[in-house]
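Given next are the chains, with one letter for each unit.
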Amino acid sequence: MSNVSSSRVINIGLAGLGNVGAGVFKNLEKNRALISQRTGAELRITRVAVRDLARLRDIEVPNELLTTDWRELVNDPAIPVIVELIGGTTTAYEMVAAALRAKKIVVTGNKALLAERGKELFALAEEFGVPIYFEAAVAGGIPIIQVLQEGLVGNHIRSIHGIINGTCNYILTRMSQAGLSYTDALGEAQEKGYAEADPTLDVSGWDAAHKAIILASLSYGFWIPQDKVHVEGVDRVSITDFKFAARLGYTIKLLSVIRADENGLVEVRTQPTLVPLSHVLANVSGAFNALLVNGDVVGETLFYGRGAGQDPTSSSVISDLCEAAAVLMHGARHSGFVPHGLYGKSKPVDDTVSHYYLRLTVDDVPGVLAQVATVLGERGIGISSMIQPEDLEDTSGETSLVLMIHDARLGDMKSALAAICQLKCVRGEPSWMRVETLQG
């Protein structure tokens, strides 16, 4: 049996000692013997780049390991693996690109970097013959990248439906279960550490969208341009919408949807979505993540776990480090992204088709439904069900009209909404969301 003393030492340069970086440092030390037994490698962090040497930290790191210059990691010939956990897309890109040019393996958890500049970085990885590993970039401790690259490599991916932002899922869960307003639920998420002081990246939907771009690109063999991705945030979802959704048999989740149509056109979108209460994704609560992956051979598979946090995310980084050690000891594998030509085009956002939920605030007068139905009908959009004004409480001459819409193109739906807003009987902005007709 191998042990730590007889294992091959793999020196690692760690850039970033924030929440996840500290977790990697702590958990590598904690499980050093286990990792050595399983891999035959001793993973040893020998240099750590930080922004501020004087900053107080929850873990003890020997001062001689610390530097404020990431170039010391990249330029050290004794370090074959660089871990990038500094975030952002400027310095992080410069550092990762430099590491690849120096023929060092890169491990990163930076979903924005890969979503925005992955195409360039994987081209560099291919050119210089070293891989990039990025399990921690999507869904925290859930090994979804490995699933797509290895476990489901023999499948055409029909679709992925994912709850992949814990902050938004926590907010929507509290709105649904406790009746909190969006503002109160966000405040609670911030108090508990599930949301940043500036939560914009999360609540705008873009954190989840970056992850969706990575998953879609892996699934379909080409890098999805950001301008081809449809993104909506959760900040306009109201308690009223939850009440109507429940009455109709749904709840609301920030859902990322990835799928290819019969012509190979790939659709990638993230938005608040009505999900049937009977479906397993409706029951993913709090800060947890879940991904439902449908392959043409395997069928539906479900992955569930903590999508963020120090320990779950550091678990994914350590997994990648073990993979890097295996490459160094036993030979190379692909760059981390394998392009292919089976797909290759993004579906125009306006051509994507869904069911829709539509809530209008309208005057409580005869003929309102007929006017709205006429606008929809002129664009070939049908109504599948409704909650009519007379079913609801009257409030000062105004009431809500709630419609469930048959499959419609997004472009047609937006055109109809613009026309509906011009009707004299309609007050304020409509509330509308996609509906996923998932089977339980």
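Description of the structure in this document. (Residues numbered from 1 in each chain as written. Predicted model: local features only at pLDDT ≥ 70, side-chain atom pairs only at ≥ 80, totals over all residues. Heavy atoms only, no water.)

## With respect to the overall build of the protein
Okay, step 1: Counting its secondary structure elements, the protein contains 14 helices and 17 strands.
Okay, step 2: In terms of overall size, the protein behaves like a compact globule, its C-alpha atoms giving a radius of gyration of 24 Å where 440 residues would be expected to give roughly 22 Å.
Okay, step 3: Across its three principal directions, the C-alpha atoms of the protein cover 80 × 45 × 40 Å.
Okay, step 4: Residues classed as buried in the protein amount to 54% of the 440 residues present.
Okay, step 5: Looking at the protein alone, contacts between residues at least 24 apart form 74% of all its contacts between residues at least 6 apart.
Okay, step 6: Accessible area for the protein stands at about 19000 Å²; split by element, carbon and sulfur atoms hold 48% of it.
Okay, step 7: Between the mean site of the 39 positive side-chain charges and the mean site of the 50 negative ones, the protein shows a separation of 4 Å. (Helix = DSSP H or I, 4+ residues; strand = E, 2+ residues; numbered from the N terminus. Rg over C-alpha atoms; globule rule 2.2 N^0.38 Å. Buried < 20%, exposed > 50% of the residue type's maximum accessible area, 1.4 Å probe, protein only. Contact = heavy atoms within 4.5 Å. Areas by Shrake-Rupley, 256 points an atom, 1.4 Å probe, with all protein chains shown as cover. Lys, Arg positive; Asp, Glu negative; His and termini not counted. Charge placed at Lys NZ, Arg CZ, Asp CG, Glu CD.)

## Quick notes on the sheet that holds strand β5 (residues 105–108)
Okay, step 1: Strand order in the open sheet formed by six strands is β3-β2-β1-β4-β5-β6, with parallel pairing between adjacent strands. Edge positions in the sheet fall to β3 (66–67) and β6 (132–133), since each has one partner strand and no second.
Okay, step 2: Note: strand β1 (residues 8–15) against strand β4 (residues 81–84), four bridges, orientation parallel. Residue pairing across strands places Ala 15 opposite Glu 84, the latter belonging to β4. (Pairing = 2+ DSSP bridges.)

## A word on the state of the cysteines
As used in these notes, a disulfide is a covalent bond between sulfur atoms, one from each of two cysteines.
Okay, step 1: Taken as a whole and assessed by the stated rule, the structure comprises zero disulfides.
Okay, step 2: With no disulfide partner, Cys 421 has as its closest neighbouring cysteine sulfur the one in Cys 425, 11 Å distant.
Okay, step 3: With relative accessibility at 30%, the residue Cys 421 sits in the partly exposed group. (Disulfide = S-S within 2.5 Å.)

## Observations concerning the nonpolar core
Okay, step 1: The biggest cluster of nonpolar side chains holds 85 residues, and the ones touching the most others in it are Ile 144 and Leu 215.
Okay, step 2: By residue number, the principal contributor to this core is helix α10 (residues 206–220), which donates nine residues.
Okay, step 3: Not counting residues within four places of it along the chain, the set of residues in contact with Ile 144 comprises Glu 135, Val 138, Ala 139, Leu 215, Leu 291, Val 293 and Phe 303.
Okay, step 4: In terms of nonpolar packing, the next biggest core, distinct from the first, is built from 32 residues, Leu 14, Ile 35, Leu 65 and Ala 324 among them. (Core = buried A, V, L, I, M, F, W, Y, C linked by side-chain atoms within 4.5 Å.)

## Considerations on the pattern of salt bridges
Okay, step 1: The tally for this structure, following the rule as stated, stands at 22 salt bridges.
Okay, step 2: Among the salt bridges present, the one from Lys 26 reaches Asp 311, with a minimum N-O distance of 3.2 Å. Of the two residues, Lys 26 is situated in helix α1 (residues 19–30) and Asp 311 in helix α12 (residues 310–330); the sequence distance between them amounts to 285 residues.
Okay, step 3: Residue Lys 26 is classed as partly exposed on the basis of its relative accessible area, which comes to 32%.
Okay, step 4: Among the residues examined, Asp 311 registers a relative accessible area of 40% and is labelled partly exposed.
Okay, step 5: Across the pair Arg 269 and Glu 436 runs a salt bridge, and its minimum N-O distance is 2.9 Å. Of the two residues, Arg 269 is situated in strand β10 (residues 265–276) and Glu 436 in the segment after β17 (426–435); the sequence distance between them amounts to 167 residues.
Okay, step 6: Overall, Arg 269 belongs to the buried group, its relative accessible area being 1%.
Okay, step 7: One network of salt bridges, in which partners are shared, links Glu 29, Arg 32, Glu 42 and Arg 44. (Salt bridge = Lys/Arg side-chain N within 4 Å of Asp/Glu carboxyl O.)

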